[in-house]
Amino acid sequence: MTKVVVACGALALHVNAIAHRRGWDVEVRPIPPELHNRPERIRAAVEQAAGGDEVVVAYAHCGADLRGYPRLEGADCYEVYGARHEPGVYFLTDFLVRAFDRVVVRSLGLDRHPELRDDYFGHYTKVVWLAQNPTPELRELAESAAAKLELLLEVRTVGDAGLERQLEAILR
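Residues numbered from 1 in each chain as written. Predicted model: local features only at pLDDT ≥ 70, side-chain atom pairs only at ≥ 80, totals over all residues. Heavy atoms only, no water.

Structural notes on empty space enclosed by the protein
Argument step 1. Taken as a whole and assessed by the stated rule, the structure comprises one cavity of 30 Å³ or more.
Argument step 2. Lining the largest cavity are C8, L11, H36, A58, Y59, A60, C62 and C77.
Argument step 3. Per-class residue counts for the lining of the largest cavity are seven nonpolar, one polar and no charged. (1 Å grid on protein atoms, 1.4 Å probe; cavity = no way out; pocket = protein on both sides within 12 Å on 5 of 7 lines; lining within 4 Å. Points joined across faces, edges and corners; volume = space filled by probe spheres on them. Nonpolar A, V, L, I, M, F, W, Y, C, P; charged D, E, K, R; others polar.)

Structure representation (structure tokens):
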């Protein structure tokens, strides 16, 4: 029987890849990753994507009220990938590296008001890329993102084992 996973758009490709690799019969229904900027809207988007079907949710807490849904453990996807809160660290995932200009720069208005960089990112001391599948192209994009924030880049290769373990647990 096909299981339905409503996934944060930032995780959907990874969820699909893991499901394919493991031979799981799942249907992934992504919702926009930009909802992280408006977490009070995540539950409604999950409910709409579920369409009345029984689902599991590939979201950590992310500031959203997802009570009643089986979901990933942790405060955010960074914890799913094995990171813990570190003061002054701005985390990137492979998704955020690829979508940085759209999801961060344009979404926060930094393309129109670069002077806001310090308001949003002045308290950060470095960018940490939690690399699930590092490539030279992604490294270049991660370096570009860190440069736009005027921060140093640290790369931690984490893979997707943490996400895979958690998906296995909620899909049982």
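Further notes follow.
Regarding the layout of surface pockets
Argument step 1. Its volume calculated, the largest pocket comes out at about 750 Å³.
Argument step 2. Taken together, 28 residues make up the lining of the largest pocket; nearest its centre are Y78, Y90, F91, L96 and Y124.
Argument step 3. Contributions of two or more residues to the lining of the largest pocket are made by α3 (77–80), β4 (89–93), α4 (94–106) and α5 (117–121).
Argument step 4. Of the residues in the lining of the largest pocket, the class split is 18 nonpolar, five polar and five charged.
Argument step 5. Considered as a void within the structure, the second largest pocket measures approximately 200 Å³ in volume.
Argument step 6. Forming the boundary of the second largest pocket are M1, T2, K3, V4, E54, V55, V56, P70, I170 and R172.
Argument step 7. Counting only elements with at least two residues in the lining of the second largest pocket, the list comes to β1 (3–8) and β3 (55–58).
Argument step 8. In terms of residue class, the lining of the second largest pocket is built from six nonpolar, one polar and three charged. (Helix = DSSP H or I, 4+ residues; strand = E, 2+ residues; numbered from the N terminus.)

Quick word on the sheet that holds strand β6 (residues 152–157)
Argument step 1. Pairing is parallel across the open sheet formed by three strands, whose spatial order is β4-β5-β6. Strand pairing shows two members of the sheet lacking a second neighbour, β4 and β6, which therefore form its edges. If you compare each strand with its neighbour and ignore which way they point, the axes differ by 25 degrees on average.
Argument step 2. In terms of strand pairing, β4 meets strand β5 (residues 126–131) through five bridges, oriented parallel. Looking across to β5, one finds that F91 is bridged to V128.
Argument step 3. Here helix α6 (residues 136–148) sits on the sheet in contact with β4, β5 and β6, set at roughly 145 degrees to β6. (Pairing = 2+ DSSP bridges. Axes fitted to C-alpha atoms, helices over the stretch in contact; angles between N-to-C directions. Contact = heavy atoms within 4.5 Å.)

Here's the deal with the sheet that holds strand β2 (residues 26–31)
Argument step 1. Read across the open sheet, the three strands follow the order β2-β1-β3; overall the sheet is parallel. Of all strands in the sheet, those bounded by a partner on one side alone are β2 and β3. Within this sheet the neighbouring strands show an average axis-to-axis angle of 25 degrees, counted without direction.
Argument step 2. Pairing between β1 and β2: six bridges, direction parallel. Residue pairing in the sheet places V4 in a bridge with E27 of β2.

Details of the packing of helix α1 (residues 12–22) against helix α7 (residues 161–171)
Argument step 1. Relative orientation of the contacting elements α1 and α7 amounts to 70 degrees, with a least axis distance of 10 Å. What the angle tells us is that α1 and α7 run roughly perpendicular. Contacts between α1 and α7 involve H14, V15, I18, R21 and R22 from the first element and L163, E164, L167 and E168 from the second.
Argument step 2. A class-by-class count of the residues in the contact of α1 with α7 yields four nonpolar, one polar and four charged. (Parallel < 35°, antiparallel > 145°, perpendicular 65-115°, else oblique.)

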